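Chain and residue survey
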Amino acid sequence: MNMRSPLLSTVEGDTRVAEHLTQRGIALAKDGFHQEAVAEFDAAIRWRPHHWLAWYHRGEALAALNKYAEALASFEQALEREPDSYQTGHFGPSC
């Protein structure tokens, strides 16, 4: 008998979908497809609005597109959601 609640299953499913979309976005950005990467990060954020890593990588992709105001807003969202992460502390493309 499955003792897991439907709500918990939904949350776990949303998390898995968001993680998958974020990883796709990261791969697209690494290949230079920044606009497509932003779309993947946006989709991940729709599934899981508090997913700081999607916000962070969205900021990187937007910065690569010279959309600095939007990038800064994404970095601020990431920082708000995960203030203790080393990644959110440097605001900019990863090395």
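Above this text is the structure in question.
Residues numbered from 1 in each chain as written. Predicted model: local features only at pLDDT ≥ 70, side-chain atom pairs only at ≥ 80, totals over all residues. Heavy atoms only, no water.

Some words on the nonpolar core
Rules: Side-chain atoms within 4.5 Å link the members of a nonpolar core, which is a set of buried Ala, Val, Leu, Ile, Met, Phe, Trp, Tyr and Cys residues. Only protein chains enter the accessibility calculation, which uses a 1.4 Å probe; a residue is then buried when its area is under 20% of its type maximum, exposed when over 50%, and partly exposed in between. Going along the chain from the N terminus, every DSSP run of H or I of four or more residues is numbered as a helix, and every run of E of two or more is numbered as a strand.
In this structure, Phe-41, Ala-44, Tyr-56, Ala-61 and Ala-71 are the most contacted members of the largest nonpolar core, which totals 20 residues. Of all elements in the fold, only helix H1 (6-30), helix H2 (34-47), helix H3 (52-64) and helix H4 (68-81) reach the threshold of two or more residues within this core.

Observations concerning H3
Rules: Expected helix span is given by 1.5 Å per residue-to-residue step, counting one fewer step than there are residues.
The terminal C-alpha atoms of H3 lie 19 Å apart, and with 13 residues this matches the ideal 18 Å at 1.5 Å per residue to within 8%. Counting buried positions along H3 yields 12 of 13 residues, so the element is predominantly enclosed. The positive-phi residue at the C-terminal boundary of H3 is Asn-66, with phi of around 65 degrees.

Regarding the environment of Phe-75
Structurally, Phe-75 can be placed in helix H4. For Phe-75, a relative accessible area of 5% corresponds to the buried category. It is 8.2 Å that separates the C-alpha atoms of Phe-75 and Glu-60, two residues lying 15 residues apart in sequence.

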